[in-house]
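A structural walkthrough
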Amino acid sequence: MVLRYLTAGESHGPALVGILEGLPSELPVDRAEIDRQMARRRLGHGRSPRMVFEADRLEILAGVRHGRTIGSPIALVIHNTEWPKWTEVMGVDPPADPEGLARTGRGAPLTRPRPGHADLAGMQKFGLDDARNILERASARETATRVALATFARTLLAEAGVVVVSHVVRIGEVAVAEEAPEPGPGDQDAVDADPVRCLDPTASARMRDRIDRAKNERDTLGGVVEVLTYGLPAGLGTHVHWDRRLDTRLAAALMGVQAFKGVEIGEGFRTAEVPGSKAHDEILPRGGTRAAPGPYARATGRSGGLEGGMTTGEPLRLRAAMKPLSSLARPLATVDVRTGEPAEAIQQRSDVCAVPRAGVVCEAVVALTLADALLEKTGGDTLPEVRRNLAAYQQTLSGCGGRL
Ligand SMILES: Cc1cc2nc3c(=O)[nH]c(=O)nc-3n(C[C@H](O)[C@H](O)[C@H](O)COP(=O)(O)O)c2cc1C
């Protein structure tokens, strides 16, 4: 792994923290672009009031000087603008009056774990009887850090001509039509302009109605997002070992987003149903001219742009399924761990459906994974070195000066 990152921070703590290590020097850093990406994470029909007001205040502490990376680890902080309301409940020091704090709304221990959330397993694992100790970190607020860090990865990918976009293809039982348009590399703003981040206007209207119905029924909904990446050269990742395959790493990154329970690469599940003659992508002769040949192309895109754990040079197509959120306005049955008696699960302010904005998080983790795979291929400590090495490799891919 060339590019690695770590995040820390609780949802209502003073701040979220992220560190990203392994970027080359001289990568331009646009603070406004990081803010813009974090704002995209707040998009979408079906948001709770808290999420809409939640503002992210970013500070870059290290790794950047005069608008460019300097090769050292990037360190950033996202301050919690609501921290003044939480200083006692989430304070580092023991509270002056623990019993008094436990009698306040926010300070009361949460002892009725939500089915489907991290509450109960986390309390058992860490030997804690207040679910707040678990949910504060399990909360998807943490994804703001991954989205912020991924902006650096996106910039690197853009320098290599690689663009990652996403759109929503299903909310609950409402899916886009098979022949519906899919976003190209320049279509992200058009997707984001739609309230559910879906490019198919008919499906979008039905998805919004479905979310409104779930809201009235005090229920929640999941769905499926598709992440498409354009401009990748063939040969990122490797077939030589399971944990270095790019499909392994992409699936792990997507499954590492809270509430994601399934990942499909290309037509992964459909290929299990059809014979081999209909499952693979036939290889076409090179495009271009004899003097300036192009890379190999494929007749179809069933593999999703990955073969043998490596990119094929075709668009990368990943789908990821998100389960319905487990904080329901009509709580599910649980047990109060304090009394052992049946109870209703705790209620936390929550979205009805977070699929549209979760797509932005999926883009982020895919971008971080691909930036890592790109740097693995090119090496390079400076951006010009990365560019040079990539250009040389791309020349061999086009059949100039190489055996393939
Ligand atoms: C962008 C995003 C927003 C989320 N918002 C909520 C929410 O509002 N309410 C909730 O209960 N879970 C929400 N989740 C999901 C929980 O964080 C997740 O279900 C929980 O951490 C347990 O993990 P698991 O579902 O992977 O088992 C969200 C997830 C993502 C990716």
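Below is a short write-up of the structure. Residue numbering note: each chain is counted from 1, following its sequence as written. Local features in this predicted model are restricted to residues of pLDDT 70 or higher, and side-chain atom pairs are both shown and tallied only at a pLDDT of 80 or more, whereas totals for entire chains, interfaces and linings draw on every residue.

1. A look at the overall build of the protein chain
Labels follow the DSSP assignment, with helices taken as runs of H or I lasting at least four residues and strands as runs of E lasting at least two, numbered in each case from the N terminus. Scanning the protein chain from terminus to terminus reveals 12 helices and 17 strands. Our radius of gyration is a C-alpha quantity, and the globule rule it is checked against amounts to 2.2 Å times the number of residues to the power 0.38. Taking 22 Å as the expected radius of gyration for a compact globule of 404 residues, we find that the protein chain reaches 23 Å, a close match to that expectation. Projected onto its principal axes, the C-alpha coordinates of the protein chain cover approximately 80 × 50 × 40 Å. Burial is judged by counting other C-beta atoms within 10 Å of a residue's own C-beta: 20 or more means buried, 12 or fewer means exposed, and anything between counts as partly exposed, with every C-beta placed from the backbone. For the protein chain, with 404 residues in total, the buried portion stands at 40%. Long-range pairs, those at least 24 residues apart, make up 67% of the contacts in the protein chain between residues at least 6 apart in sequence. Each residue is represented by a C-beta atom placed from its backbone, and any two residues with such atoms within 7 Å are regarded as in contact.

2. Comments concerning the sheet that holds strand 9 (residues 223-230)
Taking strand neighbours across the sheet as the criterion, the 5 strands line up as 8-7-9-15-10 in an open arrangement whose pairing is antiparallel. Here the strands that pair on one side only, and so sit at the sheet edges, are strand 8 (174-175) and strand 10 (260-265). Strand pairing is assigned whenever DSSP detects at least two bridges linking the two strands.

3. Considerations on the site of the ligand
As a structural note, the neighbourhood of the ligand is formed by 19 residues, with Ala-140, Gln-258, Ser-327, Ser-350 and Ala-354 the closest of them. At 3 residues, helix 11 (residues 355-378) tops the list of elements feeding residues into the shell around the ligand. For the shell around the ligand, a count of residues per class yields 9 nonpolar, 7 polar and 3 charged. Defining nearness, a residue is near a molecule or strand when the C-beta atom obtained from its backbone falls within 6 Å of it. Polar here means any residue outside two lists: the nonpolar Ala, Val, Leu, Ile, Met, Phe, Trp, Tyr, Cys and Pro, and the charged Asp, Glu, Lys and Arg; Gly therefore counts as polar.

4. Here's the deal with the environment of Cys-353
Assignment of secondary structure puts Cys-353 in the loop between strand 17 (342-344) and helix 11. A residue is classified by how many C-beta atoms lie within 10 Å of it, and Cys-353, with 29 of them, is buried. In this structure, the C-alpha to C-alpha distance between Cys-353 and Leu-27, residues 326 residues apart in sequence, is 36 Å.

5. Notes on the nonpolar core
Side chains of nonpolar character tend, in soluble globular proteins, to be buried together. What makes a nonpolar core is a set of buried Ala, Val, Leu, Ile, Met, Phe, Trp, Tyr and Cys residues, with links drawn between C-beta atoms within 7 Å. Ranked by internal contacts, the top residues of the largest apolar core, which has 82 residues, are Leu-157, Leu-254, Cys-362, Val-366, Ala-367, Leu-368 and Ala-371. When residues of this core are assigned to their parent elements, the largest contribution, 15 residues, is made by helix 11. If we ignore the near neighbours within four places in the chain, the residues touching Cys-362 are Ser-166, Val-225, Val-227, Leu-254, Val-257 and Ala-320. Of all hydrophobic cores here, the second largest spans 8 residues; its members include Ile-134, Val-337, Ala-345 and Ile-346.

6. Here's the deal with the sheet that holds strand 3 (residues 56-62)
Spatial strand order, 1-2-6-3: 4 strands in an open sheet with antiparallel pairing. Because the sheet does not close on itself, it has two edges, and the strands there are strand 1 (4-8) and strand 3. Direction aside, neighbouring strands of the sheet carry axes that sit 15° apart on average. Where strand 1 and strand 2 (residues 15-21) come together, 5 bridges link them in antiparallel fashion. Looking across to strand 2, one finds that Ala-8 is bridged to Val-17. Each axis is a line fitted through C-alpha atoms, and for a helix only the stretch in contact is used; angles between axes span 0 to 180 degrees, taken between their N-to-C directions.

7. A look at helix 12 (residues 383-397)
Given the number of residues in a helix, its expected span is that number minus one, multiplied by 1.5 Å. With 15 residues, helix 12 should cover 21 Å at 1.5 Å per step; its first-to-last C-alpha distance of 21 Å lies within 8% of that length. Taken residue by residue, helix 12 has Leu-383, Val-386 and Leu-390 as its buried positions. On an axial view of helix 12, the arc spanned by its buried residues comes to 55°, and they lie on one face. In helix 12, the exposed residues that point more than 90 degrees away from the buried face are Ala-391, Ala-392 and Gln-395. The secondary structure elements touched by the buried residues of helix 12 are helix 6 (143-159) and helix 11. Immediately beyond the C-terminal end of helix 12, within one or two residues, lies Gly-399, with a positive phi of roughly 90°. Summarising the geometry, the arc corresponds to the directions from the helix axis toward the C-beta atoms.

8. Things to note about the packing of helix 1 (residues 31-40) against helix 6
Viewed as axis vectors pointing N to C, helix 1 and helix 6 meet at an angle of 140°, and their least axial separation amounts to 9 Å. Between helix 1 and helix 6, the angle falls in the class oblique. The crossing of helix 1 and helix 6 is right-handed. Seen from helix 1, the contacting residues are Glu-33, Ile-34, Gln-37 and Met-38; seen from helix 6, they are Ala-144, Val-147, Ala-148 and Thr-151. Among the residues forming the contact of helix 1 with helix 6, the class breakdown is 5 nonpolar, 2 polar and 1 charged. Small angles under 35 degrees read as roughly parallel and large ones over 145 as roughly antiparallel, with 65 to 115 read as roughly perpendicular and the rest as oblique. The sense of a crossing depends on the near helix, which, turned anticlockwise from the far helix by less than a right angle, makes the crossing left-handed and, turned clockwise, makes it right-handed.

9. Some thoughts on the environment of Pro-384
For Pro-384, the location among the structural elements is in helix 12. Distance in space between the C-alpha atoms of Pro-384 and Ser-25 is 9.0 Å, their sequence separation being 359 residues.

10. Observations regarding the pairing of strand 2
Judged by which residues are buried, strand 2 turns out to be one-sided: Leu-16, Gly-18 and Leu-20 face inward and are buried, whereas Ala-15, Val-17, Ile-19 and Glu-21, on the alternate face, are not. By the bridge criterion, 6 bridges tie strand 2 to strand 6 (residues 74-80) in an arrangement that is antiparallel. Looking at strand 6, one finds that Ala-15 is bridged to His-79.

11. Examining unusual backbone geometry
A positive phi angle is found at Arg-197, which is not glycine, with a value near 55°. On the secondary structure map, Arg-197 appears in the loop between helix 7 (188-193) and helix 8 (201-216). With phi around 80°, Ala-259 is a residue other than glycine that occupies positive phi space. Among the secondary structure elements, Ala-259 is positioned in the loop between helix 9 (246-255) and strand 10.

12. Let's talk about helix 9
For helix 9, the tally of buried residues reaches 7 of 10 residues, placing the bulk of the element in the interior. All of the buried residues along helix 9 are Leu-246, Asp-247, Arg-249, Leu-250, Ala-251, Ala-253 and Leu-254. Packing partners of the buried residues in helix 9 comprise strand 10, strand 13 (306-307), strand 14 (310-311), strand 15 (316-322) and helix 11.

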